[in-house]
Amino acid sequence: MIYHMIAFGLGFCLDLLLGDPYWLPHPIRVIGNFIGILEKRMNKKECSEKYLVRAGIGMVALVLLTVLMVTALLLIFAYRIHPVAGVILEMIMTYQILAAKCLKVESMKVYKCLKENDLIAARHAVSMIVGRDTGRLDETGVAKAAIETVAENTSDGVIAPMLYTALGGPVLGFFYKAVNTMDSMVGYKNDRYLYFGRTAAKLDDIVNYIPARISALLMVVSCFFCGKEFDGKRAWYIFKRDRYNHASPNSAQSEAVCAGALGIRLAGNASYFGKIVEKPYIGDAERAVETEDIKRANRLLYATAVLCEAICLFVLLVILLIS
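What you see is a predicted model, and the numbers here were worked out from it, not measured in a lab.

What follows deals with the overall build of the protein. Looking only at helices and strands, the protein features 11 helices and four strands. Its C-alpha atoms put the protein at 55 × 55 × 35 Å along the principal axes. In the protein, which comprises 323 residues, the proportion classed as buried is 50%. Accessible area of the protein: about 16,000 Å², with a carbon and sulfur share of 65%. Positive and negative charge centroids in the protein, built from 36 and 30 side chains respectively, lie 3 Å apart.

Let's shift gears to the side chain of Asp20. Its place among the elements puts Asp20 in the loop between helix H1 (2-18) and helix H2 (27-42). The buried charged residue Asp20 lacks any salt bridge partner; its closest oppositely charged side chain belongs to Arg29, at an N-O distance of 6.3 Å. Other than its neighbours up to four places away in sequence, Asp20 contacts His26, Tyr95 and Cys102.

Leave glycine aside and you will find that most residues have negative phi; peptide bonds, for their part, are mostly trans. Phi at Asn117 takes a positive value of approximately 60°, unusual for a residue other than glycine. Along the chain, Asn117 falls in the loop between helix H5 (100-115) and helix H6 (119-127). A relative accessible area of 63% means that Asn117 is categorised as exposed.

Within the secondary structure layout, Asp15 lies in helix H1. At 8.1 Å, Lys101 is the nearest oppositely charged side chain to Asp15, a buried residue that forms no salt bridge. If sequence neighbours within four positions are ignored, Asp15 has contacts with Tyr95, Leu98, Ala99, Ala100 and Lys101.

Quantified by volume, the second largest pocket comes out at close to 410 Å³. Together, 23 residues line the second largest pocket, and Arg132, Leu137, Gly141, Lys144 and Asn269 are the ones closest to its centre. At four residues, the largest contribution of residues to the lining of the second largest pocket is made by helix H7 (residues 139-186). Within the lining of the second largest pocket, the residues separate by chemical class into eight nonpolar, seven polar and eight charged.

Looking now at the packing of helix H3 (residues 49-81) against H7. Between H3 and H7, whose axes approach to 9 Å, the crossing angle comes to 150°. Judged on the interaxial angle alone, H7 and H3 are roughly antiparallel. Remark: the crossing between H3 and H7 carries right-handed chirality. Contacts from Met59, Val60, Val63, Leu64, Val67, Leu68, Thr71, Ala72 and Leu75 in H3 reach Pro170, Val171, Phe174, Phe175, Ala178, Val179, Met182 and Val186 in H7. Classifying every residue of the contact of H3 with H7 gives 16 nonpolar, one polar and no charged.

To continue, consider H1. With 17 residues, H1 ought to run about 24 Å at 1.5 Å a step, and its terminal C-alpha atoms sit 24 Å apart, in line with that. Contacts from the buried residues of H1 go to helix H4 (83-97), H5, H7 and helix H11 (292-322). Gly19 sits one or two residues past H1 and shows a positive phi near 65°.

With that settled, the discussion passes to the nonpolar core. Ranked by internal contacts, the top residues of the largest apolar core, which has 87 residues, are Met59, Val63 and Val110. Ranked by residue count, the leading element in this core is H7, at 21 residues. The contacts of Met59, once residues within four sequence positions are left out, are Ile35, Leu38, Met42, Met182, Val186 and Phe196.

Bringing the environment of Val220 into the picture now. Its place among the elements puts Val220 in helix H8 (residues 198-223). In this structure, Val220 is in contact with Gly232, Ala235, Trp236 and Val257, ignoring residues within four places of it in sequence.

Here the protein shows a mean pLDDT of 92. Residues at 70 or above account for 99%. Mean pLDDT values for the elements of the protein range from 68 in strand S2 (residues 270-272) up to 96 in H4.

To continue, consider the packing of aromatic side chains. Applying the stated criterion across every chain yields a total of four aromatic pairs. When the ring of Tyr164 is compared with that of Tyr176, the centres are 5.3 Å apart and the planes differ by 15°; the resulting orientation is stacked. Comparing Tyr164 with Tyr176, the two get one shared label, buried. A cation over an aromatic ring shows up here: Lys104 above the ring of Tyr302, its NZ or CZ 5.0 Å from the ring centre. Above the face of the Tyr281 ring, Arg265 is positioned so that its terminal group lies 3.8 Å from the ring centre.

On to the pattern of salt bridges, then. Across all of its chains, the model carries 11 salt bridges by this definition. A salt bridge links Arg192 to Glu39; the shortest N-O distance between them is 3.0 Å. Remark: Glu39 occurs in helix H2 and Arg192 occurs in the loop between H7 and H8; sequence separation between them is 153 residues. Its relative accessible area of 41% is what places Arg192 among the partly exposed residues. Glu229 is paired through a salt bridge with Arg296; the nearest N and O atoms lie 3.0 Å apart. On the criterion of sequence distance, the pair formed by Glu229 in the loop between H8 and helix H9 (232-242) and Arg296 in helix H11 is long-range, its members being 67 residues apart. A residue is classified by how much of its surface remains accessible, and Glu229, at 37% relative accessible area, is partly exposed. Arg296 gets classed as buried once you look at its relative accessible area, which sits at 12%. Look at the salt bridges and you will find they share partners, linking Glu229, Arg287, Glu290, Asp293, Arg296 and Arg299 into a network.

Rules used in this analysis
Residues numbered from 1 in each chain as written. Predicted model: local features only at pLDDT ≥ 70, side-chain atom pairs only at ≥ 80, totals over all residues. Heavy atoms only, no water. Helix = DSSP H or I, 4+ residues; strand = E, 2+ residues; numbered from the N terminus. Buried < 20%, exposed > 50% of the residue type's maximum accessible area, 1.4 Å probe, protein only. Areas by Shrake-Rupley, 256 points an atom, 1.4 Å probe, with all protein chains shown as cover. Lys, Arg positive; Asp, Glu negative; His and termini not counted. Charge placed at Lys NZ, Arg CZ, Asp CG, Glu CD. Salt bridge = Lys/Arg side-chain N within 4 Å of Asp/Glu carboxyl O. Contact = heavy atoms within 4.5 Å. 1 Å grid on protein atoms, 1.4 Å probe; cavity = no way out; pocket = protein on both sides within 12 Å on 5 of 7 lines; lining within 4 Å. Points joined across faces, edges and corners; volume = space filled by probe spheres on them. Nonpolar A, V, L, I, M, F, W, Y, C, P; charged D, E, K, R; others polar. Axes fitted to C-alpha atoms, helices over the stretch in contact; angles between N-to-C directions. Parallel < 35°, antiparallel > 145°, perpendicular 65-115°, else oblique. Left-handed = near helix turned anticlockwise from the far one by under 90°. Expected span 1.5 Å × (residues − 1). Core = buried A, V, L, I, M, F, W, Y, C linked by side-chain atoms within 4.5 Å. pLDDT = per-residue confidence, 0-100. Phe/Tyr/Trp six-rings, centres within 6.5 Å; stacked < 30°, edge-to-face > 60°. Lys NZ or Arg CZ within 6 Å of the ring centre and 35° of its normal.

Below, the structure written as structure tokens:
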């Protein structure tokens, strides 16, 4: 437990300091490549719906079993060499599981382009972090897309993997990341993935159900530590009112808190793969969305992440003391 706590804390610090340098090989890219290979071989358009669903189940099973086995074996091997080697490897794995700095860096690229009045570059930058069509977004639409991504991924990319890693170390952390990566690659309701990606999408909903709600509650609390620009009471109100204004049972949880905290309206209709998807609004338009809201969303992200890390370490310490 002591080794786990040390690695867990240091891994979080590394993420805040370093993020994900492009030159550094990342295991999530390896997992993504593996998913891509399986998808090409198993997702056959000419096959029946029943086959595609079963093939999707098979892909999920293969990916998760591989990730669990490889992660567990590497950790066992490292700790058998020496506890220090185990802690170092676990620290690096924890660092690679979390994505707070990466999320901030990518969203701030959008912020920088908007501040320089380069809308074309801003559209391109935001297209790197959202799944919607961005070619026709105006400045407000680009900023709103970036804010929504930061708010949603506070849960998906930071708090949820942090909770799973605290609970089961990198083995459970990479399990979660594999599920999340499969959902982001094949969990779409379009002609290609409607049946093949169904299992991955449903599993992602399940593993994110509790973390999404914990993330939202932590985000509400964090509002009271972020300054006068954030309204914790309004965040709580909008969270209770709008947290299910999304097709996913989880995506609007933290997004509703962010919208309420900033007093802006998020979501609404968006274009995906050339088709307009009707979506309800989240939050009230007490003021217009502005570029500075991207920075504010990131401040809320970091406050929530630090709060969650502190709580996780405290709980682990309590377990250590009473065991």
